[in-house]
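# Results of the structural survey
Spelled out, the chains give:
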Amino acid sequence: MLITDNDDTRRLFESCQMKAKTVVNPIIDWTDRNVWDVIDNENIPVCELYKQGYERLGCIGCPLARKKQREREFYDFPKYKEAYIRAFDRMIEERKDRGKEIKWECGEEVFLWWMQSDDVLGQMSIEDFIN
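Residues numbered from 1 in each chain as written. Predicted model: local features only at pLDDT ≥ 70, side-chain atom pairs only at ≥ 80, totals over all residues. Heavy atoms only, no water.

## Regarding the pattern of salt bridges
- What the rule picks out here adds up to 8 salt bridges.
- Linking Arg-72 and Asp-76 is a salt bridge whose minimum nitrogen-to-oxygen distance equals 3.3 Å. Taken together, the residues span about one helical turn, with Arg-72 and Asp-76 both in helix H3 (residues 67-76) at a distance of 4 residues.
- On the basis of relative accessible area, Arg-72 is assigned to the partly exposed category, the value being 30%.
- Take Asp-76: its relative accessible area is 31%, and that puts it in the partly exposed class.
- With a closest N to O distance of 3.9 Å, Lys-79 and Glu-82 form a salt bridge. With a gap of 3 residues between them, Lys-79 and Glu-82 both fall in helix H4 (residues 78-97), about one helical turn apart. (Salt bridge = Lys/Arg side-chain N within 4 Å of Asp/Glu carboxyl O. Helix = DSSP H or I, 4+ residues; strand = E, 2+ residues; numbered from the N terminus. Buried < 20%, exposed > 50% of the residue type's maximum accessible area, 1.4 Å probe, protein only.)

Put into structure tokens, the structure is as follows:
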């Protein structure tokens, strides 16, 4: 894996200077449709979530995913939402025990912040600081 993995400048053949190796990316110029055509034609089994319309699979609630993706994941998997909120509740308690600053009253408020909700009490944006 190179530092520029998934970068638009990737090429079919690349050199990794650090490891003195040539990297070959055989499907670098394939479209998603090309990949799915091979999967379908070769009857390659895939995770059922792709058939449900998911395009990205990874950690549920990943902060690197788009907000809409996270919202769908927590809608489809509500037990994970509950687990996040419980973990945020424990985080708040731990911060209290350590005498640390706490912005939120409960795990639900942290969850709203995590989800980039506009409904978070005290949520600030850059516009708040521009005259």
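## Some words on the environment of Lys-67
- Here Lys-67 lies in helix H3.
- The class for Lys-67 is partly exposed, based on a relative accessible area of 31%.
- Each C-alpha atom of the pair Lys-67 and Ser-117 lies 9.4 Å from the other, and the pair is 50 residues apart in sequence.
- Looking at Lys-67, its side chain comes within polar contact range of the main-chain oxygen of Gln-116, at 3.1 Å. (Polar contact = N/O pair within 3.5 Å; in protein donor to acceptor, adjacent residues only side chain to side chain.)

## Some points on the pairing of strand S1 (residues 13-16)
- A one-sided burial pattern is seen for S1, the buried positions being Glu-14 and Cys-16 and the unburied ones Phe-13 and Ser-15.
- For S1 and strand S2 (residues 21-24), the ladder comprises 4 bridges, and the chain directions are antiparallel. The residue of S2 that forms the bridge with Cys-16 is Lys-21.
- Hairpin remark: S1 followed by S2, antiparallel, with 4 residues in the connecting loop; positive phi at Ala-20, about 50°. (Pairing = 2+ DSSP bridges.)

## Comments concerning the packing of aromatic side chains
- Scanning the model with the defined rule gives 9 aromatic pairs in all.
- With a centroid separation of 5.0 Å and 80° between ring planes, the pair formed by Phe-74 and Tyr-84 is classed as edge-to-face. Of this pair, Phe-74 sits in helix H3 while Tyr-84 is found in helix H4, placing the two residues 10 residues apart along the sequence.
- Relative accessible area serves as the criterion here: at 5%, Phe-74 is assigned to the buried category.
- Consider the rings of Tyr-84 and Trp-114, whose centres lie 5.9 Å apart with planes at 50°: the pair is tilted. Of this pair, Tyr-84 sits in helix H4 while Trp-114 sits in helix H5 (residues 107-114); the two residues are 30 residues apart in sequence, bridging distant segments of the chain.
- By relative accessible area, which is 23% here, Trp-114 ends up partly exposed.
- Of the aromatic side chains, those joined through ring pairs into one cluster are Phe-74, Tyr-84, Phe-88, Trp-104, Phe-111, Trp-113 and Trp-114.
- Taking NZ or CZ as reference, Arg-72 lies 4.0 Å from the ring centre of Tyr-54, over its face. (Phe/Tyr/Trp six-rings, centres within 6.5 Å; stacked < 30°, edge-to-face > 60°. Lys NZ or Arg CZ within 6 Å of the ring centre and 35° of its normal.)

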